[in-house]
Amino acid sequence: MKLKLRIWRQTGPDAAGRMVEYDLDGVSEDMSFLEMLDLLNENLTERNEEPVAFDHDCREGICGMCGVVINGIAHGGSATTTCQLHMRSFSDGATIDIEPWHAGAFPVIKDLAVDRGALDRIIAAGGFISSNTGSAPDAHATPAPKREADKAFDNATCIGCGACVAACPNSSAMLFTAAKITHLAMLPQGQPERYRRVKSMVAQHDEEGFGNCTNIGECAAVCPKGIPLESIAQLNRDMIASLFKGDGK
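Procedures and definitions
Residues numbered from 1 in each chain as written. Predicted model: local features only at pLDDT ≥ 70, side-chain atom pairs only at ≥ 80, totals over all residues. Heavy atoms only, no water. UniProt positions renumbered as here; feature names shortened; annotations may be inferred. Pairing = 2+ DSSP bridges. Helix = DSSP H or I, 4+ residues; strand = E, 2+ residues; numbered from the N terminus. Core = buried A, V, L, I, M, F, W, Y, C linked by side-chain atoms within 4.5 Å. Buried < 20%, exposed > 50% of the residue type's maximum accessible area, 1.4 Å probe, protein only. Domains from an automatic or database assignment. Contact = heavy atoms within 4.5 Å. Buried area = accessible area lost by both parts, 1.4 Å probe. Polar contact = N/O pair within 3.5 Å; in protein donor to acceptor, adjacent residues only side chain to side chain. Nonpolar A, V, L, I, M, F, W, Y, C, P; charged D, E, K, R; others polar. Arc of directions from axis to C-beta.

Within an unreviewed UniProt entry, the label attached to the protein reads Succinate dehydrogenase / fumarate reductase iron-sulfur subunit, and the organism entered is Tessaracoccus bendigoensis DSM 12906. Listed under Sequence similarities (unreviewed entry) in UniProt, the entry text for the protein is "Belongs to the succinate dehydrogenase/fumarate reductase iron-sulfur protein family."

Dropping the structure here:
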């Protein structure tokens, strides 16, 4: 396959960025998208040119580090992470635009790599439970209704890739925040801090500079783990309830 790549190049957080074109030949349709970028970087290195910086880690669709915007869609619109997108999804001779997550709360480190530490700080603000120290409790000691347990599991699958932020016109991280809040809100272990949690995590979300949710739904459409939009509704219910309850349950 022959491809024309238009890639966002930016030397640092304070530098101006621009799209740079590269012609790439010898791409196998069996390559993953990241392997294609590896091939490009090998060619650039051979020509003594600066390789393209991009985030990656597991390359198995688990960690979410690899996220980029491909042809205007987070992760390329493949309903999976960028590393699990294969080049057979593109036509020979295609032009592919590749950009980082463009959001004020995700400053560009270099090229396609961004700082997503804001998501970590949201988790640190309330994504924890109280638990007695000592020996671990029996797994079945605190039963949970199946409906709530399934809902907790569905939200726990969030990998924090940031695609929801990249897709949202408001650069909101509300789907991410809702997933972390709903995951714990559905479990008995999450009840002691339930309403304190939603207040503190939403406050941190706003402090980081993410935009407000206006229920457009683009976040859920690109989420590689299928976090449902109704998780934001659960967050809103807990936020309203927190106004009438104490910090705990």
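Asks: Describe the sheet that holds strand β4 (residues 73-74), naming the residues involved and giving the relevant values.
Replies: Strand order in the open sheet made by the five strands is β2-β1-β5-β3-β4, with mixed pairing throughout. The two strands at the open ends of the sheet, each matched to only one other strand, are β2 (18-24) and β4. Inspection of the sheet shows strand β3 (residues 69-70) paired to strand β5 (residues 95-99) by two bridges, in the antiparallel sense. When the sheet's bridge partners are listed, isoleucine 70 is paired in β5 with isoleucine 98.

Asks: Tell me about the pairing of β5, residues and numbers included.
Replies: Relative to β5, strand β1 (residues 3-9) runs parallel, the two being bridged by four bridges. Its bridge partner being in β5, arginine 6 is matched across the sheet by aspartate 97.

Asks: Talk me through the nonpolar core; I want residue IDs and the actual numbers.
Replies: Formed by 34 residues in total, the largest nonpolar core has its most connected members in Trp101, Phe106, Val165, Leu175, Phe210 and Leu235. Those elements giving two or more residues to this core turn out to be α2 (117-126), α4 (163-167), α5 (174-185), α6 (194-207), α7 (218-222) and α8 (230-242). Broken down by element, this core gets its largest block of residues, six residues, from α5. Two domains share this core, each providing at least three of its residues, namely domain 1 (3-110) and domain 2 (116-131 + 138-244). In this structure, valine 165 is in contact with Ala103, Phe106, Ser171, Ser172, Ala173 and Phe210, ignoring residues within four places of it in sequence. In this structure, Leu34, Met36, Leu37 and Val52 belong to the second largest nonpolar core, which totals 29 residues.

Asks: How would you summarise α2 if you had to cite specific residues and measurements?
Replies: Of all the positions in α2, only Gly117, Ala118, Leu119, Ile122 and Gly126 are classed as buried. On its buried face, α2 sits against α5 and α6.

Asks: For the domain arrangement of the protein, give the residues involved together with the corresponding values.
Replies: Split into domains, the protein comes out as domain 1 (3-110) and domain 2 (116-131 + 138-244). Each of domain 1 and domain 2 was reduced to a C-alpha centroid, and the two centroids are 28 Å apart. Facing the 18 residues of domain 1 at the interface are 16 residues of domain 2. The three residues of domain 1 that bury the most area against domain 2 are Trp101, Ala105 and Phe106, which together make up 39% of that side's buried surface. At the surface where domain 1 touches domain 2, the tally comes to four residue pairs in polar contact (both at pLDDT 80 or more). Of the residues that constitute the side of domain 1 that touches domain 2, the class distribution is eleven nonpolar, six polar and one charged.

Asks: Break down helix α3 (residues 146-156) for me, citing the residues and quoting the values.
Replies: Within the span of α3, buried status applies to Lys151, Ala152 and Asn155. Taken around the axis of α3, the buried residues stretch over an arc of 100°, which confines them to a single face. Away from its buried face by more than 90 degrees, α3 exposes Lys146 and Phe153. In the core, the buried residues of α3 are packed alongside α5 and α8.

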